[in-house]
Amino acid sequence: MILSIESSCDDSAIAITEIKTKKLLFHKKISQELEHSVYGGVVPELASRLHAEALPKILEECKPYFKDLKAVAVTTAPGLNVTLVEGVTMAKALCLALDIPLIAVNHLKGHIYSLFIEKEASFPQTVLLVSGGHTQVIEVKSLEEMEMVATTMDDSFGESFDKVSKMMNLGYPGGPVIEKLAQEGDENRYPMPLPLSQSPLIAFSYSGLKNAVRLVSLEADEKDFPDIAASFQKAAVGHLLQKLKKYFKTNPPQHFAIVGGASANLYLREKIETLLKPFNATLSLAELKYCSDNAAMIGRVGVEMYEKGRFTSLDEVKTEPRTSL
Ligand code: KG4
Ligand code: ZN
């Protein structure tokens, strides 16, 4: 079995995965959303302290599995340095105590493998990763061959939901709140600019849209919030669709997937489904519970790396907050 640890942002999670069957034997996550909510976003030092409390509590429950562990997989990049360190320190201590190797897992690869929890992986896939830290289109051929073909120039898709929510004092994380509010709103009431719509670039940008929402919200009151949320969501998703459509002109999709915390957004899912129809492409999604950060996806990558013998020595393991794939 592999024990996996995730602490790259505001979720403390540990999983146990059986190597041979890829079966998830244990998974527990303690989320810090409530604690960060009052600040309208994640406060790194607070997150770090909360990981230091939560991770040992979860680990306590994993003790019965210790004798069967063959390796420890841990997220080392990308993420907040002060929170990554919490997971990595625990992983190193466990490896030393149990005399087993460490597997350093990239969080973005984890999100991609959230598609394959308890399943065989299937490639190639064109993956849209939408989370709090990332908005990327990635061509995935295998665990090792992943090419990022589009990314954001500023804010990420999920982050823009968080910021819009903060503007209206609706708390953190903003994604679920804004999506819910948008269901009651008129998405055509406030026409928003589609970012980079005149640019030939296949890239994303959310800062201009965020400012457009700010201007509208300055003059609005609470009864307008559903219409603002709906108008914003229409533009935020519309931007993704416009750029994907452009990309598909030269790279028609066959197998498409959406991963990351914001892939839970049903409006986005529906629109992408419609976009894919003319291509007859398949659409894969992670189970809702594995869309946001979790340790099951880190364990799933861990199994893959274990089978390939891709271990990192304890002296060399380091956190890399900004590394991409
Ligand atoms: O993957 P994740 O848990 O953490 C990162 O790796 O960043 O993603 C969290 C992000 C937050 O920005 C949150 O607001 C966003 O995903 N999110 C959503 C929805 N649910 C979560 N964004 C839009 N619509 C949603 N339903
Ligand atoms: Zn994530």
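What counts and what doesn't
Residues numbered from 1 in each chain as written. Chains lettered and ligands numbered in written order. Predicted model: local features only at pLDDT ≥ 70, side-chain atom pairs only at ≥ 80, totals over all residues. Heavy atoms only, no water. Helix = DSSP H or I, 4+ residues; strand = E, 2+ residues; numbered from the N terminus. Rg over C-alpha atoms; globule rule 2.2 N^0.38 Å. Buried < 20%, exposed > 50% of the residue type's maximum accessible area, 1.4 Å probe, protein only. Contact = heavy atoms within 4.5 Å. Areas by Shrake-Rupley, 256 points an atom, 1.4 Å probe, with all protein chains shown as cover. Expected span 1.5 Å × (residues − 1). Salt bridge = Lys/Arg side-chain N within 4 Å of Asp/Glu carboxyl O. Domains from an automatic or database assignment. Buried area = accessible area lost by both parts, 1.4 Å probe. Nonpolar A, V, L, I, M, F, W, Y, C, P; charged D, E, K, R; others polar. Phe/Tyr/Trp six-rings, centres within 6.5 Å; stacked < 30°, edge-to-face > 60°. Axes fitted to C-alpha atoms, helices over the stretch in contact; angles between N-to-C directions. Parallel < 35°, antiparallel > 145°, perpendicular 65-115°, else oblique.

### Describing the overall build of the chain
Move 1: Looking only at helices and strands, one finds 10 helices and 10 strands in the chain.
Move 2: The C-alpha radius of gyration computed for the chain amounts to 20 Å, which stays within 12% of the reference 20 Å derived for 325 residues, consistent with globular compactness.
Move 3: Its C-alpha atoms give the chain principal-axis dimensions of roughly 60 × 45 × 30 Å.
Move 4: By the burial criterion, 54% of the 325 residues in the chain qualify as buried.
Move 5: When contacts within the chain are restricted to residue pairs at least 6 apart in sequence, those whose partners lie at least 24 apart make up 73%.
Move 6: Carbon together with sulfur atoms contributes 52% to the accessible area of the chain, which is approximately 14500 Å² in total.

### With respect to helix 8 (residues 225-250)
Move 1: Given a rise of 1.5 Å per residue, 26 residues ought to cover 38 Å, and the 39 Å separating the end C-alpha atoms of helix 8 matches this to within 8%.
Move 2: Burial runs high along helix 8: 20 of the 26 residues are buried.

### Description of the pattern of salt bridges
Pairing of side chains with opposite charge becomes possible as their charged atoms draw close.
Move 1: For the structure on display, the rule yields 17 salt bridges.
Move 2: In this structure, the salt-bridge partner of Asp68 is Lys67, at a minimum N-O distance of 3.5 Å.
Move 3: Put simply, Lys163 and Asp155 hold a salt bridge, and the shortest N to O gap is 3.3 Å.
Move 4: You can call Lys163 partly exposed: its relative accessible area is 27%.
Move 5: Here Asp155 falls in the buried class, since its relative accessible area comes to 8%.
Move 6: In this structure, a network of salt bridges that share partners links the residues Arg189, Asp221, Lys223, Asp224 and Asp227.

### Some words on the domain arrangement of the chain
Move 1: As assigned here, the chain comprises domain 1 (2-117 + 290-307) and domain 2 (125-285).
Move 2: One C-alpha centre belongs to domain 1, the other to domain 2, and the line joining them spans 27 Å.
Move 3: Contacts between domain 1 and domain 2 engage 22 residues on the former and 24 residues on the latter.
Move 4: Buried area between domain 1 and domain 2, summed over both chains or domains, comes out near 1700 Å², and the portion from carbon and sulfur atoms is 74%.
Move 5: On the domain 1 side of the contact with domain 2, Ile112, Leu115 and Cys291 bury the most area, a combined 34% of that side's loss.
Move 6: Here domain 1 is connected to domain 2 by 0 salt bridges.
Move 7: For the side of domain 1 that touches domain 2, the secondary structure elements donating two or more residues are helix 1 (33-37), helix 4 (107-113) and helix 10 (296-307).
Move 8: The element contributing the most residues to the side of domain 1 that touches domain 2 is helix 4, with 5 residues.
Move 9: Here the side of domain 1 that touches domain 2 is built from residues that sort into 11 nonpolar, 7 polar and 4 charged.

### A closer look at the packing of aromatic side chains
Geometrically, a pair of aromatic rings is defined through the distance of the ring centres and the angle of the planes.
Move 1: Taken as a whole and judged by the stated rule, the model has 11 aromatic pairs.
Move 2: Where Tyr113 meets Phe116, the ring centres are 5.6 Å apart and the plane angle is 75°; that geometry is what we call edge-to-face. There is no split in this pair, since Tyr113 and Phe116 are both buried.
Move 3: Site record: aromatic cluster; members linked through ring pairs are Phe157, Phe161, Tyr206 and Phe232.

### Points about the packing of helix 5 (residues 157-167) against helix 6 (residues 174-182)
Geometry of a packed helix pair, given as the angle between the helix axes and the separation of the axes.
Move 1: Taken N-terminus to C-terminus, the directions of helix 5 and helix 6 make an angle of 70°; their axes are 7 Å apart at the nearest point. Considered as vectors, helix 5 and helix 6 are oriented roughly perpendicular to each other. Contacts from Phe161, Asp162, Val164 and Ser165 of helix 5 reach helix 6 at Gly174, Gly175 and Ile178.
Move 2: Taken together, the residues of the contact of helix 5 with helix 6 break down into 3 nonpolar, 3 polar and 1 charged.

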